[in-house]
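Now for the letters of each chain:
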Amino acid sequence: MSAGTPSVFVRLQGCSVGCVWCDTKYSWDPARGRASTLAHLLRDVAGTAPANVVVTGGEPLAHPAFAGLVRGLDRLGRRVEVETAGTRVPPRVPVAQWNVSLKLAHSGVPRARRLHPPAIARFRTLKAWFKFVVGSESDVEEVGEIRRAHALDPGRILQMPLGIRREAQLSLMPDVLAWCRREGYRFSPRLHILAWGARRGM
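Counting starts from 1 at the beginning of each chain's written sequence and moves along it residue by residue. Only residues with pLDDT of at least 70 get local features here, since the model is predicted, and only at 80 or more are side-chain atom pairs given and counted; chain-wide, interface and lining totals rely on the full set of residues. Side-chain numbers come from the whole structure's heavy atoms, not from hydrogens or water.

Visitor: Can you walk me through the pairing of strand 4 (residues 97-101) in this structure?
Guide: Two faces, one strand: in a regular strand the side chains alternate between the faces of the sheet. Strand 4 sits mainly inside the fold: 5 of its 5 residues count as buried. Exposure categories follow from relative accessible area, calculated using a 1.4 Å probe and restricted to protein chains: below 20% of the type maximum is buried, above 50% is exposed, and the middle band is partly exposed. Numbered from the N terminus, helices here are DSSP runs of H or I no shorter than four residues, and strands are runs of E no shorter than two. Of the two faces of strand 4, the one carrying Gln97, Asn99 and Ser101 and the one carrying Trp98 and Val100 are both buried. One requirement defines pairing of two strands: DSSP has to find at least two bridges between them. When strand 3 (residues 79-84) meets strand 4, the two strands line up parallel, connected through 4 bridges. Across the sheet, Glu81 pairs through a bridge with Gln97, a residue of strand 4. Where strand 4 meets strand 5 (residues 129-134), 3 bridges bridge the pair, whose relative direction is parallel.

Visitor: Even after reading the chapter, I still don't get the nonpolar core, so can you show me in this structure?
Guide: Side chains that are nonpolar tend, in soluble globular proteins, to be buried together. Core analysis: the largest hydrophobic core is formed by 40 residues, its most contacted members being Val55, Phe66, Trp98, Leu102, Phe130 and Phe132. Per-element accounting of this core gives the leading share, 5 residues, to helix 2 (residues 66-75). Ignoring sequence-local partners within four residues, the contact set of Phe130 consists of Val100, Leu102, Ile120, Phe123, Arg124, Leu152, Arg156, Ile157 and Leu158. Definition of nonpolar core: a set of buried residues of the types Ala, Val, Leu, Ile, Met, Phe, Trp, Tyr and Cys, connected through side-chain atoms within 4.5 Å. By the convention used here, residues are in contact when the closest approach between their heavy atoms is within 4.5 Å.

Visitor: Explain helix 4 (residues 117-125) to me, please; I cannot follow it from the model alone.
Guide: Each α-helix winds once per 3.6 residues, and so residues spaced three or four apart point in a common direction. Looking at helix 4, one finds that the buried residues are Ala119, Ile120 and Phe123. Projected onto a plane normal to the axis of helix 4, the buried residues spread over an arc of 100° and lie on a single side. Looking at the buried side of helix 4, the elements it contacts are strand 3, strand 4 and strand 5. Two residues or fewer past helix 4, Lys127 is found with a positive phi of approximately 60°. The reported arc concerns the directions from the helix axis to the C-beta atoms and nothing else.

Visitor: Whenever I open this one, unusual backbone geometry confuses me. Can you help?
Guide: Excluding glycine, a negative phi dihedral is what most residues carry, and trans is how most peptide bonds are arranged. With omega at 15°, the peptide bond leading from Gly57 into Gly58 counts as cis. Within the secondary structure layout, Gly58 lies in the loop between strand 2 (52-56) and helix 2. The phi angle at Lys127 is positive, at roughly 60°, despite the residue not being glycine. Even without being glycine, Ala151 reaches a positive phi, approximately 50°.

Visitor: What exactly am I supposed to notice about the packing of aromatic side chains here?
Guide: Any two of the Phe, Tyr and Trp rings considered here, Trp counted by its six-membered ring, make a pair once their centres fall within 6.5 Å; the pair's planes then place it as stacked at under 30 degrees, edge-to-face at over 60, or tilted in between. One pass over the structure, following the stated rule, counts 2 aromatic pairs. Ring centres 6.4 Å apart and planes at 45° place the aromatic pair Phe66 and Trp98 in the tilted group. Note that Phe66 is positioned in helix 2 and Trp98 in strand 4, a separation of 32 residues in sequence. As far as burial versus exposure is concerned, Phe66 and Trp98 are alike and both buried. An angle of 65° between the planes, with centres 5.3 Å apart, marks the rings of Trp98 and Phe123 as edge-to-face. With Trp98 in strand 4 and Phe123 in helix 4, the pair connects residues that are 25 residues apart, well separated along the chain. You can call Trp98 buried: its relative accessible area is 4%. For Phe123, a relative accessible area of 0% corresponds to the buried category. An aromatic cluster is present here, built from Phe66, Trp98 and Phe123 joined pairwise through their rings.

None of this, on its own, says anything about what the molecule does.
Pasting the structure below:
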């Protein structure tokens, strides 16, 4: 687990999931964002100091450049981790860490679109970390149902407070910590929200 590690973030445009509380809705439209070639993007990353690169979105696995980008980053000698909603079976690419954010019912996304058993099974074999955004006891119960249905290791599950404002994070944090202790899950704060608030580019 690389939480807190200085990292370069590469955000790919386009998302086919669409959570109602998403704080990066600007990344949903594949036509938006900054156009770049793969070679130019890799040069940009090569000019940065952090050895860890996080590929995120949107939904990065839906982007046509995803596999080529990851292989290019690997050739640069960078450690690559990927943030994904876990709705697509991942390609065979050199990723050091998969962070899979499975969506719950409160996301507003139909179950058939947010939970894809073959993809979850593949991520489980890849020793992915499974992250859930929770805001209530019923959310924690839903996490437990998904864990049992897909034989997920409780030690590789993280729970994160629902909310895109610092105040909401701090208000929910004691409850989420208690739920994590009770269920044997890890706790994950939204560190960038706590440090800088809901600002882009952080």
